[in-house]
Amino acid sequence: MEVTVEKTIAPLEERESIEHRVAQSLRALIVAGQLPEGTQLVQRDLAARLGVSQTPVRAGLSRLEREGFVDFGPTGRAFVSRLTREDFEEIYAARLGLEGLAARLGAEAVGPKELASMRMTLRKLGRAAAERDVDAYLALRWELYGTCYRTSGRSRLVAEVERLYRRSERYNRIVLSTAQRFRESLGRYSDFFADCKANDGAAAERGVQDALRWAVASVAAELPSEAECS
C-alpha cells in the first residue's frame, strides 16, 4: 500500500513556533527575575498560565535546560537554575575568547553605515544609563556590539557570541546593580566605538576582554559557589 508523505509527516512550523514562544516567554520571566532562581516550574501550571498544552511547555523547558536557565532534579522536576560563581566565571571565560575574536574581526571591517548606527545606539545607551533602565540598556548594549560583530561576516561566530550574551543576562543585571558600575560600563562602550571608528581590531578586542574581566572582578565574589547551593 502506498502511503503519501503528506499523511505521515505533520507540519512542524506551527508546533515549533509555539515551543519557541513558550521558551522565549519563560526565558524573559527568568531573566527579569519574575521566576527567581530555585523556583519550581510545574508544567501543568505553566501551560495554564501561557494558554498552551503541556507538550510545548515540556519542549520549552528542555530547550531552556540546554541554554542553562533550567535544571531538572533527580525526580524529573524542573527548577530555575541557580546563579553561581562557577557558572558565571565559565560563561565569561567562553565569552572572553569568542567575543574578543568577533570584536577584532568586526572592528576591522566596520564602515560608515555601521558607525552611524552605533553612534545613535551609544546616545540611547547614555539615556538608558541615566534612567537606570536595565532592560533597555542590555538590549541596546547587544545592538551596539552586534552591529560591529556582524560586519565580520562570521555568522556562526556571531550566533554563538549572542547565545552566550543571552545566557549571561541574569549575571549582567548583577553587574549593573550599582550606579557606579553603570557609569563605568557606559564609558567602555565609548572606547569601543572609538576603536571601531579607527578600525583598530586589536584595541577593540582588548577593550571587550578588559570589560569582561572587569565584570568578573566586580561580581564573582558576591555570588555563592555551587557547593553552597547544593
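Residues numbered from 1 in each chain as written. Predicted model: local features only at pLDDT ≥ 70, side-chain atom pairs only at ≥ 80, totals over all residues. Heavy atoms only, no water.

Enquirer: How do you make sense of the confidence of the model for the chain when you look at a structure like this?
Expert: Note that predicted coordinates carrying low pLDDT should not be read in detail. Averaged over all residues, the pLDDT of the chain equals 90, while 93% of them reach at least 70. Here residues 1-5 is modelled with pLDDT under 50, and outside its nearest four sequence neighbours on either side it reaches one contact, counting other chains as well. (pLDDT = per-residue confidence, 0-100. Contact = heavy atoms within 4.5 Å.)

Enquirer: Even after reading the chapter, I still don't get the environment of Asp45, so can you show me in this structure?
Expert: Mapped onto the elements of the fold, Asp45 is located in helix H3 (residues 43-50). Classification of Asp45 as partly exposed rests on a relative accessible area of 45%. For the pair formed by Asp45 and Val57, sequence separation is 12 residues and the distance between their alpha carbons is 9.9 Å. (Helix = DSSP H or I, 4+ residues; strand = E, 2+ residues; numbered from the N terminus. Buried < 20%, exposed > 50% of the residue type's maximum accessible area, 1.4 Å probe, protein only.)

Enquirer: I keep staring at the packing of aromatic side chains and nothing clicks. Help me out?
Expert: To describe a pair of aromatic rings, you give the distance between the ring centres and the angle between the ring planes. One pass over the structure, following the stated rule, counts 10 aromatic pairs. Plain terms: the ring middles of Tyr137 and Tyr189 are 6.0 Å apart, the flat faces sit at 50 degrees to each other, and that makes the pair tilted. Of the two residues, Tyr137 sits in helix H7 (residues 134-150) while Tyr189 sits in helix H10 (residues 179-197), which places them 52 residues apart along the sequence. The pair formed by Tyr137 and Tyr189 is uniform in burial state, with each residue classed as buried. Aromatic rings pair up to connect Tyr137, Trp142, Tyr145, Tyr149, Tyr165, Phe182, Tyr189 and Phe192 into one cluster. The lysine or arginine in question, Arg95, covers the ring of Tyr92, its NZ or CZ lying 4.9 Å from the ring centre. A cation over an aromatic ring shows up here: Arg167 above the ring of Phe69, its NZ or CZ 5.9 Å from the ring centre. (Phe/Tyr/Trp six-rings, centres within 6.5 Å; stacked < 30°, edge-to-face > 60°. Lys NZ or Arg CZ within 6 Å of the ring centre and 35° of its normal.)

Enquirer: Hey, could you run me through helix H5 (residues 85-109) in this one?
Expert: At 3.6 residues per turn, the α-helix brings residues three or four places apart onto the same side. Taking 1.5 Å as the rise per residue, H5 with 25 residues should run 36 Å; its terminal C-alpha atoms sit 35 Å apart, in good agreement. In H5, a bend of some 30 degrees at Leu96 exceeds every other bend along the element. Of the positions making up H5, those classed as buried are Asp87, Phe88, Ile91, Tyr92, Arg95, Glu99, Gly100, Ala102, Ala103, Leu105, Gly106 and Ala107. Those residues of H5 that are buried lie in contact with H7, helix H8 (155-167), helix H9 (169-175), H10, helix H11 (201-219) and helix H12 (226-229). (Expected span 1.5 Å × (residues − 1). Bend = angle between axes of the 7 residues up to and from the residue.)

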